[in-house]
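Next come the chains, spelled out residue by residue.
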Amino acid sequence: MPAVDKLLLEEALQDSPQTRSLLSVFEEDAGTLTDYTNQLLQAMQRVYGAQNEMCLATQQLSKQLLAYEKQNFALGKGDEEVISTLHYFSKVVDELNVLHTELAKQLADTMVLPIIQFREKDLTEVSTLKDLFGLASSDVSLLLEHDLSMAKYSRLPKKKENEKVKTEVVKEVVAARRKQHLSSLQYYCALNALQYRKRVAMMEPMMGFAHGQINFFKKGAEMFSRSMDSFLSSVADMVHSIQGELEAEADAMRASQQELLSVDESVYTPDFDVATPRSNRGLVQKAGYLNLRTKTGLVTTTWERLYFFTQGGNLMCQPRGAVAGGLIQDLDNCSVMAVDCEDRRYCFQITTPNGKSGIILQAESRKENEEWICAINNISRQIYLTDNPEAVAIKLNQTALQAVTPITSFGKKQESSCPSENPENSEMENDKIVPKATVSIPEAEELIAPGTPIQFDIVLPATEFLDQNRGSRRINPFGETEDDTFPEAEDSLLQQMFIVRFLGSMAVKTDATTEVIYEAMRQVLAARAIHNIFRMTESHLMVTSQTLRLIDPQTQVSRASFELPSVTQFAAHQENKRLVGFVVRVPESTGGESLSTYIFESNSEGEKICYAINLGKEIIEVQKDPEALAQLMLSIPLTNDGKYVLLNDQPDDSDGNPSENRGAESEA
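The protein is annotated in an unreviewed UniProt entry as DCC-interacting protein 13-beta from Rousettus aegyptiacus.

## Side note on unusual backbone geometry
Positive phi values are uncommon outside glycine, yet Asn-333 reaches one of about 65°. Tracing the backbone through its elements, the reader meets Asn-333 in the loop between β4 (326–330) and β5 (335–341). One non-glycine residue with positive phi stands out, namely Gln-556, at about 65°. Along the chain, the position of Gln-556 falls in the loop between β11 (547–551) and β12 (558–563).

## Let's talk about the nonpolar core
Grouped together as the largest cluster of nonpolar side chains are 26 residues, with contacts concentrated most on Leu-541, Val-543, Leu-548, Phe-582, Phe-600 and Ile-613. Only β9 (495–508), β10 (537–544), β11, β12, β13 (567–572), β14 (579–587), β15 (593–602) and α12 (606–622) provide two or more residues apiece to this core. Sorting elements by how many residues they give to this core places α12 first, with 6 residues. Discounting residues that sit within four places of it in the chain, Ile-613 has contacts with Val-543, Leu-548, Leu-564, Val-567 and Phe-570. Counting 23 residues, the second largest nonpolar core, distinct from the first, contains Val-339, Cys-341, Ile-360 and Leu-595.

## Topic: the confidence of the model for the protein
Of the residues in the protein, 76% reach a pLDDT of 70 or more, and the chain-wide mean stands at 76. Within the protein, the element-level pLDDT minimum falls on strand β16 (residues 666–667), averaging 34, and the maximum on β13, averaging 92. Segment residues 135–140 is flagged for pLDDT under 50; beyond a separation of four residues in sequence, or across chains, it makes 10 contacts in the model. Contacts of residues 460–485 to residues separated by more than four positions or lying in other chains number 25 contacts, the stretch itself having pLDDT below 50.

## Considering α12
Taking 1.5 Å per residue as the helical rise, α12 with its 17 residues ought to reach 24 Å, and the 25 Å between its terminal C-alpha atoms agrees with that figure. For α12, the complete set of buried residues consists of Gly-606, Lys-608, Ile-609, Cys-610, Ala-612, Ile-613, Leu-615, Gly-616, Lys-617, Ile-619 and Val-622.

## Side note on the sheet that holds β5
With respect to topology, 7 strands assemble into an open sheet ordered β4-β3-β2-β1-β7-β6-β5, the strand pairing being antiparallel. Every interior strand has two partners, whereas the edge strands, β4 and β5, have only one. Ignoring which end each strand starts from, the neighbouring axes of this sheet average 40° apart. Pairing geometry for strand β2 (residues 301–311) and strand β3 (residues 314–318), over 5 bridges, is antiparallel. Within β3, the residue paired with Tyr-307 across the bridge is Gln-318. Along the sheet face, helix α6 (residues 366–380) touches β1 (287–295), β2, β3, β5 and β6 (344–351) and points at about 5° away from the line of β6.

Conventions used here
- Residues numbered from 1 in each chain as written.
- Predicted model: local features only at pLDDT ≥ 70, side-chain atom pairs only at ≥ 80, totals over all residues.
- Heavy atoms only, no water.
- Helix = DSSP H or I, 4+ residues; strand = E, 2+ residues; numbered from the N terminus.
- Core = buried A, V, L, I, M, F, W, Y, C linked by side-chain atoms within 4.5 Å.
- Buried < 20%, exposed > 50% of the residue type's maximum accessible area, 1.4 Å probe, protein only.
- Contact = heavy atoms within 4.5 Å.
- pLDDT = per-residue confidence, 0-100.
- Expected span 1.5 Å × (residues − 1).
- Pairing = 2+ DSSP bridges.
- Axes fitted to C-alpha atoms, helices over the stretch in contact; angles between N-to-C directions.

So, in structure tokens, the structure goes:
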């Protein structure tokens, strides 16, 4: 080790300029050592603080590993293998936390404490001695005292010496020099000793740091024994297995992504198959985005794009960001039809069983529009309550395909249908009873001429429209009518209103049997299915003892009117009880007569409409005989004022479903 420079104590008394110059070098060295020691202490305290933080961090890590088991993940509890592995790691971290705590204590005792003691003891001592020596700029008292005593001694007279004065002056000089010499010797000794102590002060803390780390690593190596190595090996194998599954899944997802992105651009087009949409008519549930129309004022509306889905017999709506959907419409016994709505396409309206206009929705394509209408129509029939709703829906919708298949006779069609409920037409139950003669059913060509055009909307004739609106009376645009809007109603003994939707009409050959109505129903429904016609005109059918009148529910203008005697046949469908039709005989200008069948869908049972028509015909027949008319009126229920017939009190021939009877007949 090289020799250490030091101040000579023998030169302290002389206090020569050379000695002062060398002293300044030692003082500069002590100042640099003080600055470095402060910086070194900050670095060591940072290491110690990090080690303390490591203790707290490992402690928190151990607790967090144990908390994995208690987490309520949305997809279920965590894997048991992962939980057990994390439990083991928590124990390991706890043991490491003990080692880190011990290391932090050792660093505090063997690294931080020695450097603090060196700074507080040695460096502070040198600084104090420097002040006493009088070299600081703020304290020169020792120099002034020595200079004053030397000035007195120098002014002693050469002649007339006063021994007493001389002795006192000499004592002052001796005392000043002794103080200066003593402080110089102590200061020199402290500066010389500092050169040795600084070497120890630099080495001792780092030795403590090294021993602490070595002890930490030794105990850590003992803890991570072969059993720990085998455990880590099994964990590594599990991680590699999971990584392999992830890579395989990632490859499958990339392949699926490429396949999905390689489709034709038409997939992104909302209405790419507008000409020939391939819609599924057998749906009993449907989901997707629709635009919902909402009224914001008397004449203003807004459209909002929301996610709709069916659930059982309900139509649900779920806005974006909502965790669940809400009920929008009960679809049981509701009706749905396409409507014209402002300047938007593919709109449809859901009407409640009591005839009130429900919500109006807009689909993004023709296919979606048709599928939503078919799905809601299937749900309204309560198909979803059957054991196999999909099969029932497909069977019902296959009726449209069967309808366009040529049928040579109506008898073949009746063979596949349900047996008639009329006991007069039923088969004999045993061989003892002689079978009745088979009733001949006319051929389909005998009822309706092949290729007969079908009219899907009721167009009010120009002459009738002029007759209704001739005169000075103004029609209320808000649908309100006055008492004399329909003058024939005042003298009518029967007046009943039904909510119906016009399906179609066509010319027929005969009105001798109700089979012509059933065949017209089949052909109208088939034509609607083939041509994707879902639009239906909703009207109010008023049955009186004189006429059948179709009234526009908005303007109260009659769309069509038929004299009741001209209605020669009327019947309701055997299976779909809401379908009803009637045949009208109309005279022509050429002198002959034409027959036309009109098919409707009602909110209530078609049998009730047939009952009302039949009752009106009976009233016409007995009007000329007061006694017969009185007996007829006594046999049927009337309103409280005895003016109108109450059809709702008639026996219900339905299957007992209360939803079928919520229908929307209302008194005029």
